[in-house]
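Observations on the model geometry
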Amino acid sequence: MTNNTNDGMSDNKQRSLTTYNHITYLLYVLSYFTAGLLWIVPIFMNYAKRREADNTWLATHFDWQIKTFWYSIVLFVIGVLIITFALGGFGVSVLADSGNIAIGSVLLASLGFIIMGFTFIWHLYRIVRGWIALTDGRPVP
């Protein structure tokens, strides 16, 4: 691990927070195999310890993971809402008698699935990129 400035943080504290971040990154990855059930655990962990890393390179990892979580939630919900609207989940009869309406519904639902797929890939990319930077002892942008 590259030794960045500790900014007044003891080596033991830095090692402890680095290990803590490795665990949160791992939990984010494991959440893919638990239908997202573990997804909420690392966000609470990040909020619980983020102030301990203030003014250090490790603070960027806490912020990175928190932003990744919230942006992923927002994008995923947008995708679900589009799909729900397109397929009539809000009481809108989009699969009516007209073939044009049915095609429009399928296209709109496809957009929702594309947004959800993009969110999945983007979230995984951010976790991998952040974890690699942590392993290298670097901050994330």
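Reading the values: the criteria
Residues numbered from 1 in each chain as written. Predicted model: local features only at pLDDT ≥ 70, side-chain atom pairs only at ≥ 80, totals over all residues. Heavy atoms only, no water. Helix = DSSP H or I, 4+ residues; strand = E, 2+ residues; numbered from the N terminus. Buried < 20%, exposed > 50% of the residue type's maximum accessible area, 1.4 Å probe, protein only. Contact = heavy atoms within 4.5 Å. Areas by Shrake-Rupley, 256 points an atom, 1.4 Å probe, with all protein chains shown as cover. Salt bridge = Lys/Arg side-chain N within 4 Å of Asp/Glu carboxyl O. Arc of directions from axis to C-beta. Polar contact = N/O pair within 3.5 Å; in protein donor to acceptor, adjacent residues only side chain to side chain. Axes fitted to C-alpha atoms, helices over the stretch in contact; angles between N-to-C directions. Parallel < 35°, antiparallel > 145°, perpendicular 65-115°, else oblique. Left-handed = near helix turned anticlockwise from the far one by under 90°. Phe/Tyr/Trp six-rings, centres within 6.5 Å; stacked < 30°, edge-to-face > 60°. Lys NZ or Arg CZ within 6 Å of the ring centre and 35° of its normal.

So, about the overall build of the chain. Summing up its helical and strand segments, the chain has four helices and zero strands in all. Secondary structure of the chain in N-to-C order comes out as α-α-α-α. The buried share among the 141 residues of the chain stands at 36%. For the chain, the share of sequence-separated contacts (at least 6 apart) that also reach a separation of at least 24 residues comes to 67%. A total accessible area of about 8100 Å² is found for the chain, and carbon and sulfur atoms account for 70% of it.

Moving on: the pattern of salt bridges. For the coordinates displayed, the defined rule picks out five salt bridges. Glu52 serves as the salt-bridge partner of Lys13, at 2.2 Å between the closest nitrogen and oxygen. You can see Lys13 sitting in helix 1 (residues 11–30) and its partner Glu52 sitting in the loop between helix 2 (40–49) and helix 3 (57–86), a full 39 residues away along the chain. Among the salt bridges present, the one from Asp63 reaches Arg50, with a minimum N-O distance of 2.9 Å. Note that Asp63 is positioned in helix 3 and Arg50 in the loop between helix 2 and helix 3, a separation of 13 residues in sequence. Connected through shared salt-bridge partners, Lys13, Lys49 and Glu52 make up one network.

In this section: helix 2. Among the residues of helix 2, those classed as buried are Pro42, Ile43, Met45 and Asn46. Buried residues of helix 2, viewed axially, fall in a sector of 160°; they line one side. Facing away from the buried side of helix 2 by over 90 degrees, the exposed positions are Phe44 and Ala48. Its buried side turned inward, helix 2 meets helix 1 and helix 3.

Now for the side chain of Ser31. One can find Ser31 in the loop between helix 1 and helix 2. Every residue in contact with Ser31, bar those within four places of it in the chain, is listed here: Gly36, Leu38 and Trp39.

Take the environment of His123 next. Mapped onto the fold, His123 is located in helix 4 (residues 99–135). For His123, a relative accessible area of 4% puts it in the buried group. As a C-alpha pair, His123 and Tyr71 span 52 residues in sequence and 8.7 Å in three-dimensional space. Those residues in contact with His123 that sit more than four places away from it in its chain are Tyr28, Tyr32, Trp39, Thr68 and Ser72. Only 2.6 Å separates the side chain of His123 from the side chain of Tyr32, close enough to count as a polar contact.

Moving on: the packing of helix 1 against helix 3. Between helix 1 and helix 3, whose axes approach to 10 Å, the crossing angle comes to 20°. The angle between helix 1 and helix 3 places the two elements in the roughly parallel class. Where helix 1 crosses over helix 3, the two elements pack in a sense that is left-handed. Between helix 1 and helix 3, the contacting residues are Gln14, Leu17, Thr18, Tyr20, Asn21, Thr24, Tyr25 and Tyr28 on the first element and Trp57, Leu58, His61, Phe62, Trp64, Gln65 and Phe69 on the second.

Take the packing of aromatic side chains next. What characterises a pair of aromatic rings is the spacing of the ring centres plus the angle enclosed by the ring planes. Under the counting rule described, the total for this entry stands at six aromatic pairs. Aromatic pair Tyr25 and Trp131: ring centres 6.1 Å apart, planes at 15°, arrangement stacked. Linking Tyr25 in helix 1 with Trp131 in helix 4, this pair joins segments that are 106 residues apart in sequence. A relative accessible area of 26% means that Trp131 is categorised as partly exposed. Members of the aromatic cluster, joined through ring pairs, are Trp39, Phe69 and Trp70. Taking NZ or CZ as reference, Lys49 lies 5.5 Å from the ring centre of Tyr20, over its face. Above the plane of the ring of Trp64 lies Arg126, whose end atom (NZ or CZ) is 3.6 Å from the centre.

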